[in-house]
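Close look at the chain arrangement
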Amino acid sequence: MMAPISELVLSENEGLWSRIFSEANFNFRVFRHLSSPEWNADIFYSPKLGQRWVALANKQTGFKKIMRFSAEVSLLSIEGLLETEFSVTERKRPLH
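Residues numbered from 1 in each chain as written. Predicted model: local features only at pLDDT ≥ 70, side-chain atom pairs only at ≥ 80, totals over all residues. Heavy atoms only, no water.

1. Thoughts on the nonpolar core
Counting 15 residues, the largest nonpolar core has I43, V54, L56, I78 and L82 as its most contacted members. Elements supplying a minimum of two residues to this core: β3 (39–46), β4 (51–58), β5 (64–70) and α2 (75–86). (Core = buried A, V, L, I, M, F, W, Y, C linked by side-chain atoms within 4.5 Å. Buried < 20%, exposed > 50% of the residue type's maximum accessible area, 1.4 Å probe, protein only. Helix = DSSP H or I, 4+ residues; strand = E, 2+ residues; numbered from the N terminus.)

Spelled out as structure tokens, the structure:
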């Protein structure tokens with residue numbers, strides 16, 4: 001099932017990372033950093049807790065949202081959902 005377990009819209013002064021640190025009890029890993037001209041999206045997961053989080057931030061408006069998914073939803077499915085819904089693609093690292 002692709003529906004998130006929960007969705008939380010954050011206020012301007014709340015940080016996405018600090019909220020995920022709190023929910024995951026500092027036990028998470030980064031799966032992907034995604035971006036579009038309008039959005040930044042980060043996918044995190046916790047093997048210990050069996051959950052996944054998506055942190056979305058709108059570059060123009062400052063709107064921030066966290067979605068939490070169960071372990072039954074694959075990380076690649078979440079990435080596909082974000083690519084479809086928000087037109088984000090994996091951020092490329094600059095060549096040195």
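Picking up where we left off.
2. Observations concerning α2
An ideal rise of 1.5 Å per residue puts 16 Å on twelve residues; α2 measures up with 16 Å between its terminal C-alpha atoms. All of the buried residues in α2 are L75, I78, E79, L82 and F86. Taken down its axis, α2 places every buried residue within 100° of arc, on the same side. Away from its buried face by more than 90 degrees, α2 exposes L76 and T84. (Expected span 1.5 Å × (residues − 1). Arc of directions from axis to C-beta.)

3. Looking at the environment of E72
Along the chain, E72 falls in the loop between β5 and α2. The sequence separation of E72 and Q51 amounts to 21 residues, and the corresponding C-alpha distance is 8.5 Å. Within polar-contact distance, the side chain of E72 engages the side chain of S70 at 2.8 Å. (Polar contact = N/O pair within 3.5 Å; in protein donor to acceptor, adjacent residues only side chain to side chain.)

4. Considerations on the packing of aromatic side chains
On inspection of all chains with the given rule, the structure shows three aromatic pairs. Taken together, a centroid distance of 6.4 Å and an interplanar angle of 85° make the contact between W39 and F63 edge-to-face. With a gap of 24 residues between them, W39 in strand β3 and F63 in the loop between β4 and β5 connect regions that are remote in the sequence. For R32, the ring lying beneath its charged end belongs to F31, and the centroid distance is 4.3 Å. (Phe/Tyr/Trp six-rings, centres within 6.5 Å; stacked < 30°, edge-to-face > 60°. Lys NZ or Arg CZ within 6 Å of the ring centre and 35° of its normal.)

5. So, the confidence of the model for the protein chain
Mean pLDDT over the protein chain stands at 85; residues scoring 70 or higher make up 94%. Mean pLDDT values for the elements of the protein chain range from 75 in helix α1 (residues 16–24) up to 94 in α2. (pLDDT = per-residue confidence, 0-100.)

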